[in-house]
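Notes for the structure review
Below, each chain spelled out in residue letters.
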Amino acid sequence: LAAGESLYVGLLALEDQSAALTRQNAALDRTIEEVKLRYELGQVSAMTLQQTEAGKAQVESGKAALDAAVAQLRRQLNAMIGEELTAPLTLNALPEVTAEQLASMDVEKDLEKAKAASYDLYAAKLTLEDADEEYKDKAGDLGYNKDNYEYIAVKHRWQAAQYTYNAAVQNFELSFRSLYDSVQSYASALNAAKVSLECERSDLAAAQLRYEQGTISENALHTAEDELYTAQDTVSGAERDLFTAYNNYRWAVDYGLLAG
């Protein structure tokens, strides 16, 4: 399930990137038209025109590779859900991480739940208990003789099991707290991205007004539109980052599963 969710988020990201490349390609078409006109007027060299056209070819090549990756991920996701590999697949919108969900996070209480649900910690505890039993049985049989080689060996195994268990707990706690911190960080990044998006919306509204007044060109208006799209892409990316971090956090709390 966790792998399927990760694949779903990755697929959404690639499809957004493909859409961004489509807009970039359209912007390059406008740029090429402008450069061609300037070339005919003698304002730019033939090399400048060729470089601009080469840039468009690179974008088209990149988009083709990206679309192939999208198709591959769609087949993988179909396989995961038991559909035919080439079956049509419609992705629902990314679930929103709400302010209530963020506010309900309690790192200390959630950490205890995560540790209790962790199979890795459970297995490490069993290994420690086995080492405890071995030490009690064999050390007792050997009379806790500190000079006996077998006693020294079993004691070292027992101590090693303790160190291993303590390290497992410490690493789990460290990873969990890092997950918590990442959720808070991505939430802040999303808020900042939304503020920037609103600024770009205002800039576009101003550009549209100037265009209607004839004070800027159509290309300048399209540039403002592209900047808005870029800001929207930044918000979408921040939303995916926050969802992924929060979803990983919930997997840790509910199932003791830490993302690798």
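Data block above holds the structure.
Analysis parameters
- Residues numbered from 1 in each chain as written.
- Predicted model: local features only at pLDDT ≥ 70, side-chain atom pairs only at ≥ 80, totals over all residues.
- Heavy atoms only, no water.
- Helix = DSSP H or I, 4+ residues; strand = E, 2+ residues; numbered from the N terminus.
- Rg over C-alpha atoms; globule rule 2.2 N^0.38 Å.
- Buried < 20%, exposed > 50% of the residue type's maximum accessible area, 1.4 Å probe, protein only.
- Contact = heavy atoms within 4.5 Å.
- Areas by Shrake-Rupley, 256 points an atom, 1.4 Å probe, with all protein chains shown as cover.
- Lys, Arg positive; Asp, Glu negative; His and termini not counted.
- Charge placed at Lys NZ, Arg CZ, Asp CG, Glu CD.
- Axes fitted to C-alpha atoms, helices over the stretch in contact; angles between N-to-C directions.
- Parallel < 35°, antiparallel > 145°, perpendicular 65-115°, else oblique.
- Left-handed = near helix turned anticlockwise from the far one by under 90°.
- Nonpolar A, V, L, I, M, F, W, Y, C, P; charged D, E, K, R; others polar.
- Core = buried A, V, L, I, M, F, W, Y, C linked by side-chain atoms within 4.5 Å.
- Phe/Tyr/Trp six-rings, centres within 6.5 Å; stacked < 30°, edge-to-face > 60°.
- Lys NZ or Arg CZ within 6 Å of the ring centre and 35° of its normal.
- Salt bridge = Lys/Arg side-chain N within 4 Å of Asp/Glu carboxyl O.

**Comments concerning the overall build of the protein chain**
Broken down by element type, the protein chain carries seven helices and zero strands. Helices and strands in the protein chain line up, N terminus first, as α-α-α-α-α-α-α. Expected size for 260 residues packed as a compact globule is a radius of gyration near 18 Å; at 29 Å, the protein chain overshoots this value by more than 25%. C-alpha extents for the protein chain along the principal axes are approximately 100 × 40 × 40 Å. Going through the 260 residues of the protein chain one by one, you find that 29% of them count as buried. Within the protein chain, residue pairs in contact and separated by at least 24 positions form 74% of the contacts whose partners lie at least 6 positions apart. Accessible area for the protein chain stands at about 16100 Å²; split by element, carbon and sulfur atoms hold 52% of it. Averaging the coordinates of the 23 positive side-chain charges in the protein chain and doing the same for the 42 negative ones gives two points 3 Å apart.

**Overview of the packing of helix H6 (residues 149-212) against helix H7 (residues 218-255)**
In contact at an axis separation of 8 Å, H6 and H7 are set at 165 degrees when each is read in the N-to-C sense. Judged on the interaxial angle alone, H7 and H6 are roughly antiparallel. Where H6 crosses over H7, the two elements pack in a sense that is left-handed. Residues that form the contact of H6 with H7 fall into these classes: 25 nonpolar, five polar and eight charged.

**Focus on the nonpolar core**
Grouped together as the largest cluster of nonpolar side chains are 51 residues, with contacts concentrated most on Leu11, Leu91, Phe176, Val183 and Tyr249. Taken together, the elements giving at least two residues each to this core come down to helix H1 (2-40), helix H2 (46-80), helix H4 (107-117), helix H5 (119-141), H6 and H7. If one sorts the elements of this core by residue count, H6 sits on top with 14 residues. Discounting chain neighbours no more than four positions away, the residues touching Leu91 are Tyr8, Leu11, Leu12, Glu15, Arg74 and Leu77.

**Looking at the packing of H4 against H6**
The interhelical angle for the contact between H4 and H6, taken along N-to-C directions, is 135 degrees, at an axis separation of 10 Å. Looking at the two axes, H4 sits oblique to H6. Crossing of H4 over H6 shows right-handed handedness. Contact residues: H4 offers Val107, Glu108, Asp110, Leu111, Ala114 and Lys115, while H6 offers Val169, Phe172, Glu173, Phe176, Arg177 and Tyr180. Residue classes in the contact of H4 with H6 are distributed as seven nonpolar, no polar and five charged.

**Quick notes on the packing of aromatic side chains**
Under the counting rule described, the total for this entry stands at four aromatic pairs. With centroids separated by 6.0 Å and ring planes inclined at 45 degrees, the aromatic side chains of Tyr119 and Tyr122 adopt a geometry described as tilted. Of this pair, Tyr119 and Tyr122 both sit in helix H5, three residues apart, roughly one helical turn. What makes Tyr119 exposed here is its relative accessible area of 59%. An angle of 40 degrees between the planes, with centres 4.9 Å apart, marks the rings of Trp251 and Tyr255 as tilted. Here the residue Trp251 and the residue Tyr255 both occupy positions in helix H7, the gap between them amounting to four residues, near one helical turn. Judged by its relative accessible area of 53%, Tyr255 is exposed. By the ring-pair criterion, three or more aromatic residues cluster together here, those being Phe176, Tyr180 and Tyr249. The positively charged end of Lys125 is found above the aromatic ring belonging to Tyr165, 5.2 Å away from the centroid.

**Digging into the pattern of salt bridges**
If you walk through the whole model with that rule in mind, you get 13 salt bridges. Notably, a salt bridge pairs Arg23 with Asp233, separated by 2.5 Å at the nearest N-O pair. Of the two residues, Arg23 is situated in helix H1 and Asp233 in helix H7; the sequence distance between them amounts to 210 residues. Between Arg30 and Asp226 there is a salt bridge; the shortest N-O distance is 2.8 Å. In this pair, Arg30 is assigned in helix H1 and Asp226 in helix H7, connecting sequence segments 196 residues apart. Overall, the relative accessible area of 22% leaves Arg30 in the partly exposed class.

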